[in-house]
Each structure stands twice: as C-alpha cells, then as structure tokens.
Amino acid sequence: MKKMISLIMAGMMIFTLTACANSTEPDNAVQNTEQNSIAPEEENQTETQEDSPEGSEMAEPKEQSSCLVVYFSQTGNTETIAGMIAEHTGGELFHVETVTVYPDEYNDLIEVAKEEQDNDERPELASAVEDMDRYQTVFIGFPNWWGTMPMAMFTFLESYDFAGKTVIPFCTHEGSALGRSESDIAALIPEAELQKGLAVRGSNVDSAEDDVVSWLEEMGFESLAEGD
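Here's a quick rundown of the structure. (Residues numbered from 1 in each chain as written. Predicted model: local features only at pLDDT ≥ 70, side-chain atom pairs only at ≥ 80, totals over all residues. Heavy atoms only, no water.)

## Re the pairing of strand β4 (residues 166-173)
For step 1, the next point in the chain: With respect to burial, β4 is a largely interior element, eight of its eight residues being buried.
For step 2, the next point in the chain: By the alternation rule, side chains of β4 split into Thr166, Ile168, Phe170 and Thr172 and Val167, Pro169, Cys171 and His173, which are all buried.
For step 3, the next point in the chain: Pairing geometry for strand β3 (residues 135-143) and β4, over seven bridges, is parallel. Across the sheet, residue Thr137 finds its bridge partner in β4, namely Thr166. (Buried < 20%, exposed > 50% of the residue type's maximum accessible area, 1.4 Å probe, protein only. Helix = DSSP H or I, 4+ residues; strand = E, 2+ residues; numbered from the N terminus. Pairing = 2+ DSSP bridges.)

See the structure below:
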C-alpha cells in the first residue's frame with residue numbers, strides 16, 4: 001500500500017514539473033525572436049568578422065570613398081560646372097538652397113548679398129545632406145559674391161563635421177576668380193584637407209569641360225564619363 005502511494009505521489013510531481021516547463025515556452029520564444037531580429041547588414045558584418053583572420057583589417061565600405069558635389073547656384077552657371085564634376089567623378093549632387101529666396105533682379109540680388117555679408121548672416125537652408133559621414137571627398141561650388149562665397153555656403157560648412165575629409169572648392173565669377181573664398185573655407189573647417197580650387201568665368205561655363213577634366217586629373221581623379 002505504501003509503495004502504491006509513493007508511486008502515485010512521484011507521478012504527480014513529474015506532471016507538475018512538466019507543466020511548469022511548458023508554461024515558460026512563450027517567454028523563451030519572444031527572447032529568441034528578439035535575438036534573431038538582427039538586420040541583414042549586421043548579420044553579414046558579424047559573419048565577416050568571424051571568418052576573417054585575426055589582426056586583418058576590414059575593407060572600408062564602398063560608400064566611404066564616394067564624392068559629394070555640393071553647389072549653390074543663382075543663375076545656373078555653378079550648377080553647370082557641378083554637373084560636369086559629378087559626371088566625371090561619379091559624385092552625388094546636392095543643391096544648397098535657402099528658405100528665403102533671393103531676388104532675380106541683379107541689382108537687388110547684389111544688395112541683399114552685400115547686406116548678408118556685412119552682417120555676417122547665416123541664411124537658413126531649405127534641406128540637409130543625409131549621412132554626411134558617407135562622403136570622404138566633398139566638392140564645394142558657388143558663385144563669387146563680393147569676393148567670397150555666398151553666406152549660405154558659410155551656413156552649410158558650419159552645419160557638418162568635415163574633420164578628415166578632402167574639400168575641393170570651385171566657383172564661377174566675372175573677374176574675381178576664387179577671391180578670398182579658399183581662406184574663408186580654411187577658417188570655417190580647419191580640420192579638413194583643402195585642395196586646389198577651380199575658378200571658371202561665367203561667360204565660359206558652357207565650354208569649360210576640358211578645363212574641369214584637366215583640373216580633376218591633376219588631383220588624381222580618373223574620368224568616369226562615357227567616351228573619355
């Protein structure tokens with residue numbers, strides 16, 4: 001009789017333990033789901049790190065070496081040169097635009113530009129570059145207004161961290177070339193590596209492609225344009 005009672009009690013204990021174990025399964029399932037919800041990119045990075053030999057360096061992502069061609073253009077001249085640079089380097093274009101639109105009439109425009117410069121203004125920009133960290137080389141294009149960049153470009157340069165990046169200016173002008181813009185850029189982003197700029201007279205923009213290509217080749221860029 002005692003043996004029978006012991007067997008019954010042992011059976012009840014086994015049933016109770018089995019029920020407790022089953023009751024924890026939903027929580028474990030949630031934890032496993034969270035652990036497995038890594039983005040594909042993260043999974044690939046983890047596998048690469050595990051497979052690579054110890055001490056070997058990971059190759060930099062392709063995006064890190066891409067170019068960004070930033071430009072401000074009021075009449076379209078600087079935009080034309082920016083398009084040439086993007087075509088021959090494979091760079092991405094970004095048009096700097098202000099929230100407040102500048103006047104089209106020339107005399108009104110230069111008056112507003114002079115006032116902004118005298119007041120050291122920083123015009124508000126209409127949009128921003130997404131993930132500036134992707135770009136190692138940044139071309140900075142603008143028309144020469146009163147001896148330097150439009151103040152909107154001051155706003156742009158102060159909006160990002162250019163440390164370790166290569167910055168290359170270019171401008172369109174009617175006689176003043178780059179003016180003091182290179183020294184202004186150097187003062188605004190001192191931790192960037194500033195390279196030789198290009199100045200194109202506005203009246204020569206449409207025939208400036210050979211000059212643009214020669215300038216790029218001097219800096220080590222190999223043209224990606226078809227037919228070159």
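## Here's the deal with helix α4 (residues 77-89)
For step 1, the next point in the chain: A rise of 1.5 Å per residue sets the reference length of α4, with its 13 residues, at 18 Å; its end C-alpha atoms lie 19 Å apart and thus fit the reference within 8%.
For step 2, the next point in the chain: Structurally, α4 contributes buried residues whose contacts are with β1 (66-71), β2 (92-95), β3, β4, β6 (198-201) and α8 (209-218).
For step 3, the next point in the chain: Residue Gly90 follows α4 closely and has a positive phi angle near 75°. (Expected span 1.5 Å × (residues − 1). Contact = heavy atoms within 4.5 Å.)

## Points about α8
For step 1, the next point in the chain: Looking only at α8, the buried set comprises Val212, Val213, Trp215 and Leu216. Buried residues of α8, seen end-on, are gathered within an arc of 160° and therefore sit on one face of the element. Turned more than 90 degrees away from the buried face of α8, the exposed residues are Asp210, Asp211 and Glu218.
For step 2, the next point in the chain: Among the structural elements, α4, β3, β4 and β6 are those in contact with the buried residues of α8.
For step 3, the next point in the chain: Positive backbone phi, at 95°, marks Gly220, one or two positions downstream of α8. (Arc of directions from axis to C-beta.)

## So, the environment of Ala177
For step 1, the next point in the chain: Structurally, Ala177 is set in the loop between β4 and α7 (181-188).
For step 2, the next point in the chain: Measuring from C-alpha to C-alpha, the distance between Ala177 and Gly147 comes to 8.3 Å, with 30 residues separating the pair along the chain.
For step 3, the next point in the chain: For Ala177, the residues in contact, after removing those within four places along its chain, are Asn144, Cys171 and Ala199.

## As for unusual backbone geometry
For step 1, the next point in the chain: Positive phi, close to 50°, is recorded for Asp120, a residue that is not glycine.
For step 2, the next point in the chain: By secondary structure assignment, the location of Asp120 is in the loop between α5 (106-118) and β3.
For step 3, the next point in the chain: Look at Asp120 and you get partly exposed, because its relative accessible area is 47%.
For step 4, the next point in the chain: Unusually for a residue other than glycine, Asp131 sits at a positive phi of about 60°.
For step 5, the next point in the chain: Looking at where Asp131 falls in the secondary structure, it is placed in the loop between α5 and β3.
For step 6, the next point in the chain: Owing to a relative accessible area of 45%, Asp131 belongs among the partly exposed residues under this scheme.

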